[in-house]
Amino acid sequence: MAGDSPPDPARVVSLELEASLVKKPQVYLVLDPPRRALEVRSRGHVLDVITLAGIEVVTQQPLLGAGTPPVVPVPAIWTVKSGPGDTDREIIAPDSLRPMPKEGEEEEEASPTPAPPGPTPTATPVPEPPASYRAQLDTGWDLWVCEALPASGFWPRLTAAVRDGWARLRGGGEDLPPALALAMSSDDAKRIHHLLRVGMPILVVAGAS
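Being a predicted model, the structure only gives us computed values, none of them experimental. (Residues numbered from 1 in each chain as written. Predicted model: local features only at pLDDT ≥ 70, side-chain atom pairs only at ≥ 80, totals over all residues. Heavy atoms only, no water.)

(A) Spotlight on the side chain of Glu-39. For Glu-39, the position within the fold is in strand 2 (residues 37-42). We classify Glu-39 as buried; its relative accessible area is 5%. Looking at Glu-39, its side chain comes within polar contact range of the side chain of Arg-35, at 3.2 Å. (Helix = DSSP H or I, 4+ residues; strand = E, 2+ residues; numbered from the N terminus. Buried < 20%, exposed > 50% of the residue type's maximum accessible area, 1.4 Å probe, protein only. Polar contact = N/O pair within 3.5 Å; in protein donor to acceptor, adjacent residues only side chain to side chain.)

(B) Representation of unusual backbone geometry. Although it is not a glycine, Arg-36 sits at a positive phi angle of roughly 50°. Among the structural elements, Arg-36 can be located in the loop between strand 1 (27-32) and strand 2. For Arg-36, a relative accessible area of 42% puts it in the partly exposed group. Phi is positive for Arg-43, which is not a glycine, with a value near 55°.

(C) Focus on the pairing of strand 9 (residues 201-204). Neither face of strand 9 is open: one carries Pro-201 and Leu-203, the other Ile-202 and Val-204, and all of them are buried. Relative to strand 9, strand 1 is paired through three bridges, and the arrangement is parallel. Bridge assignment links Leu-31 to a residue of strand 9, and that residue is Val-204. Across four bridges, strand 5 (residues 76-82) lies against strand 9 in antiparallel orientation. Its bridge partner lying in strand 9, Ala-76 is registered against Val-204. (Pairing = 2+ DSSP bridges.)

(D) Representation of the nonpolar core. Membership of the largest hydrophobic core comes to 25 residues, with the highest contact counts inside it found for Leu-38, Met-184 and Ile-202. Those elements giving two or more residues to this core turn out to be strand 1, strand 2, strand 5, strand 6 (133-137), strand 7 (142-146), strand 8 (179-183) and strand 9. Once residues within four sequence positions are removed from consideration, Leu-38 is found in contact with Leu-29, Val-30, Leu-31, Asp-48, Val-49, Ile-50, Leu-52, Leu-182, Met-184 and Ile-192. (Core = buried A, V, L, I, M, F, W, Y, C linked by side-chain atoms within 4.5 Å. Contact = heavy atoms within 4.5 Å.)

(E) Structural context of the pattern of salt bridges. Under the counting rule described, the total for this entry stands at eight salt bridges. Between Arg-41 and Glu-18 there is a salt bridge, with the nearest N and O atoms lying 2.8 Å from each other. Here the residue Arg-41 occupies a position in strand 2, and Glu-18 occupies one in helix 1 (residues 9-22), the gap between them amounting to 23 residues. Accessibility expressed as a relative area gives 12% for Arg-41, which makes it buried. For Glu-18, a relative accessible area of 11% gives the class buried. Residues Glu-39 and Arg-35 are paired through a salt bridge, measuring 3.2 Å at the closest nitrogen-oxygen approach. Among the charged side chains, a salt-bridge network with shared partners connects Glu-18, Asp-32, Arg-35, Glu-39 and Arg-41. (Salt bridge = Lys/Arg side-chain N within 4 Å of Asp/Glu carboxyl O.)

Honestly, that's just the spatial picture; any functional story needs more than this.
Set out below in structure tokens:
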């Protein structure tokens with residue numbers, strides 16, 4: 001209609017990208033920087049919403065001069081290449097053990113094999129997920145989940161530079177790729193820890209959603 005404003009191109013691309021995800025019966029994440037929200041979705045339906053306390057691009061910057069931060073490529077679908085949730089696996093032990101029937105024989109209903117005498121084994125406790133962790137993305141970026149955004153400014157950069165310098169003198173140190181840091185409550189960080197695993201798609205939208 002005349003007078004109607006044209007659709008936001010970034011919004012259109014975001015919808016097209018999500019349309020490619022809803023075709024599959026999978027869970028995916030939607031990161032909405034303007035709304036400071038991280039949503040867990042499936043088939044286009046919102047299953048959970050994480051409110052972010054902050055979001056920021058983090059890079060290794062020179063001590064003198066802030067440098068030019070890299071541009072976050074959005075809208076786009078990022079895929080977790082290596083994540084903290086990769087080690088989350090549920091192991092279910094059978095309630096009882098039965099011998100496998102021989103060829104031509106039918107399996108008979110038998111009472112479960114009694115457990116050998118001895119002390120009752122103690123179940124291994126499931127470790128509590130951490131509140132801060134990092135996931136590697138297929139874009140060459142990292143995704144940081146933390147309770148507070150990294151400090152910025154000259155003095156924090158000076159402290160980081162000194163710490164990195166000493167580490168390199170000792171044969172350590174690490175060149176970190178650019179990262180997108182997401183600050184959220186510790187409870188929310190622990191709740192989504194298992195989702196950040198290999199193959200998890202993250203739709204990063206742009207504009208109002």
